[in-house]
Amino acid sequence: DWIRRLAWLAPGNGEAFRHLDFFLPSGRIAVALATTLGLVVLYPLLVQLFDRRAALMAVGLLAFDPFLIGHSGLLHTDGLLATFSLLALTAALRGLGEPRRAVWWALSGIFTGLAVLTKTPAIFLVPCILLSRCLILGPRFSARHPSFTVIGHCLVFILSIFLTCFALYPALWTDPAGTLNTLSAFSGRHIEMVQRPIFFAGQMRYDPGAFFYPVVFLFRISPVVIGGLVIGLAKLHRLPSDRRLAFLMLLAFAVGFGALMSLGAKKHDRYLLPAFPPLILAA
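Residues numbered from 1 in each chain as written. Predicted model: local features only at pLDDT ≥ 70, side-chain atom pairs only at ≥ 80, totals over all residues. Heavy atoms only, no water.

A. Representation of the overall build of the protein chain within the structure. Summing up its helical and strand segments, the protein chain has 14 helices and 2 strands in all. Relative to the globule expectation of 19 Å for 283 residues, the C-alpha radius of gyration of the protein chain, 20 Å, shows essentially globular dimensions. Projected onto the principal axes, the alpha-carbon positions of the protein chain cover approximately 60 × 50 × 35 Å. Pairs at least 24 residues apart make up 69% of the contacts formed inside the protein chain by residues separated by at least 6 positions. (Helix = DSSP H or I, 4+ residues; strand = E, 2+ residues; numbered from the N terminus. Rg over C-alpha atoms; globule rule 2.2 N^0.38 Å. Contact = heavy atoms within 4.5 Å.)

Have a look at this one:
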């Protein structure tokens, strides 16, 4: 009854968390199961996209990545956001490889919608995936990718996002404009102001600056992944065209997402987590 009357939840509301503590163990299990099922769904997508060896290696690296494991057992949003974002990107890559089938763009839109519902920075997936689809409009691909097909796939992708968000977020059923205004205002506050300082470079500070996420990347990335990325960049011109496209798309998302996170005044290392699974897959 106490929780049912709770209209808003803020991190400083200690009384609310005392009541919510009952749900913590089952909530953590739910997040762990969701991220694990994400790997189960990812494997067959990668087998069809590349091959069984690449799929096993990618899923193995993801399953044993300490940064991802650490946040996949917490009742928090970052592990879920990383999982849904990677599935959205992988489904889009399947769509690029099978231009006659719109189902992959619907699936990518569903995963993107789940990511956006998890945390608003996932909106970066939308321009990233749409741009990758529209780049196929060049003369080299015109035979396999006619312009009306590309436009149709983009519409299916966007419609799937809207339907997923609307179906799974009941607040949109009664007051969509008010809900979106509330979310926008909440996100804006996190971009413009910081609630508490963090420890970085030997001191507590509110804004650690532009070097924070590059340092986080170096601390959190696996040496195996670094090696794979370096080899991939060195042999980029010799990769088959489909793998080159996948490598560059995953790399572009990771770099772009990291740049987007750097714009906000509020910074934490976990905010960069969604950039790591695409880098692992690229490696």
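Following the structure, the description resumes.
B. Up close: the packing of aromatic side chains. Throughout the structure, instances matching the rule amount to 7 aromatic pairs. Considering the side-chain rings of F124 and F253, the 5.7 Å spacing of their centres and the 40° angle between planes classify their relative orientation as tilted. Residue F124 is found in the loop between α6 (103–118) and α7 (125–134), and its partner F253 is found in helix α13 (residues 241–262); the two are separated by 129 residues along the sequence. Ring centres of F212 and Y213 lie 5.1 Å apart, and the angle between their planes is 70°; this geometry places the pair in the edge-to-face category. The same class applies to F212 as to Y213, namely buried. (Phe/Tyr/Trp six-rings, centres within 6.5 Å; stacked < 30°, edge-to-face > 60°. Buried < 20%, exposed > 50% of the residue type's maximum accessible area, 1.4 Å probe, protein only.)

C. Structural detail: the packing of helix α5 (residues 78–97) against α13. Taken N-terminus to C-terminus, the directions of α5 and α13 make an angle of 150°; their axes are 11 Å apart at the nearest point. With respect to the hand of their crossing, α5 and α13 are arranged in right-handed fashion. Counted together, L81, S85, L89, A92, L93 and L96 of α5 and L245, A246, M249, L250, F253 and F257 of α13 form the full contact between these two elements. Residue classes in the contact of α5 with α13 are distributed as 11 nonpolar, 1 polar and no charged. (Axes fitted to C-alpha atoms, helices over the stretch in contact; angles between N-to-C directions. Left-handed = near helix turned anticlockwise from the far one by under 90°. Nonpolar A, V, L, I, M, F, W, Y, C, P; charged D, E, K, R; others polar.)

D. Up close: helix α2 (residues 24–49). Between its first and last C-alpha atoms α2 spans 37 Å; for 26 residues at 1.5 Å apiece the expected length is 38 Å, and the two agree. Where α2 is buried, its residues meet α3 (52–63), α4 (66–72), α5, α6 and α14 (276–282). (Expected span 1.5 Å × (residues − 1).)

E. Examining the nonpolar core more closely. L42, L46, L89, L125 and I129 are the most contacted members of the largest nonpolar core, which has 69 residues in total. Here the element with the most residues in this core is α5; it accounts for 11 residues. Each residue touching L125, except ones within four places of it in the same chain, is listed here: S85, A88, L89, T112, A115 and F253. (Core = buried A, V, L, I, M, F, W, Y, C linked by side-chain atoms within 4.5 Å.)

F. Geometry of the pattern of salt bridges. The final tally for this structure, using the stated rule, is 9 salt bridges. Linking E15 and R18 is a salt bridge whose minimum nitrogen-to-oxygen distance equals 2.6 Å. Placement of both E15 and R18 in helix α1 (residues 14–20) is noted, with a separation of 3 residues, approximately one turn of the helix. Residues K267 and D207 are paired through a salt bridge, measuring 3.3 Å at the closest nitrogen-oxygen approach. A residue pair is termed long-range when its members are at least 10 positions apart, and K267 in the loop between α13 and α14 and D207 in the loop between β2 (203–205) and α11 (212–220) qualify at 60 residues. Judged by its relative accessible area of 44%, D207 is partly exposed. One connected set of salt bridges, linked through shared partners, spans D78, K119 and R270. (Salt bridge = Lys/Arg side-chain N within 4 Å of Asp/Glu carboxyl O.)

G. Here's a closer look at the state of the cysteines. Evaluation of the coordinates by the stated rule reveals 0 disulfides. Among the cysteines around C134, which has no disulfide bond, C154 carries the closest sulfur, lying 4.0 Å off. Here C165 is not cross-linked by a disulfide; its sulfur's nearest cysteine counterpart is in C128, at 17 Å. With relative accessibility at 11%, the residue C165 sits in the buried group. (Disulfide = S-S within 2.5 Å.)

H. Highlighting the side chain of H153. Relative to the helices and strands, H153 resides in helix α8 (residues 147–168). Overall, the relative accessible area of 4% leaves H153 in the buried class.

I. Region of the structure containing the environment of L263. Residue placement: L263 occurs in the loop between α13 and α14. On a C-alpha basis, the gap between L263 and G209 in space is 9.5 Å, while along the polypeptide they are 54 residues apart.

J. Structural detail: the confidence of the model for the protein chain. Averaged over every residue, the pLDDT of the protein chain is 89; residues scoring 70 or more account for 94%. Of all the helices and strands in the protein chain, helix α10 (residues 176–192) carries the lowest mean pLDDT, 76, while α14 carries the highest, 97. (pLDDT = per-residue confidence, 0-100.)

K. Summary view of the environment of S147. Its place among the elements puts S147 in helix α8. Its relative accessible area of 43% is what places S147 among the partly exposed residues. Placed 13 residues apart in sequence, S147 and C134 show a C-alpha to C-alpha distance of 8.7 Å.

L. View of a nonpolar patch on the surface. On the surface, I3, F22 and F23 cluster together to form a nonpolar patch covering roughly 320 Å² of accessible area. Relative to the helices and strands, F22 is located in the loop between α1 and α2. Judged by its relative accessible area of 66%, F22 falls in the exposed class. (Patch = residues over 30% accessible without salt bridge, like charges linked within 9 Å, V, L, I, M, F, W, Y side chains within 5 Å. Areas by Shrake-Rupley, 256 points an atom, 1.4 Å probe, with all protein chains shown as cover.)

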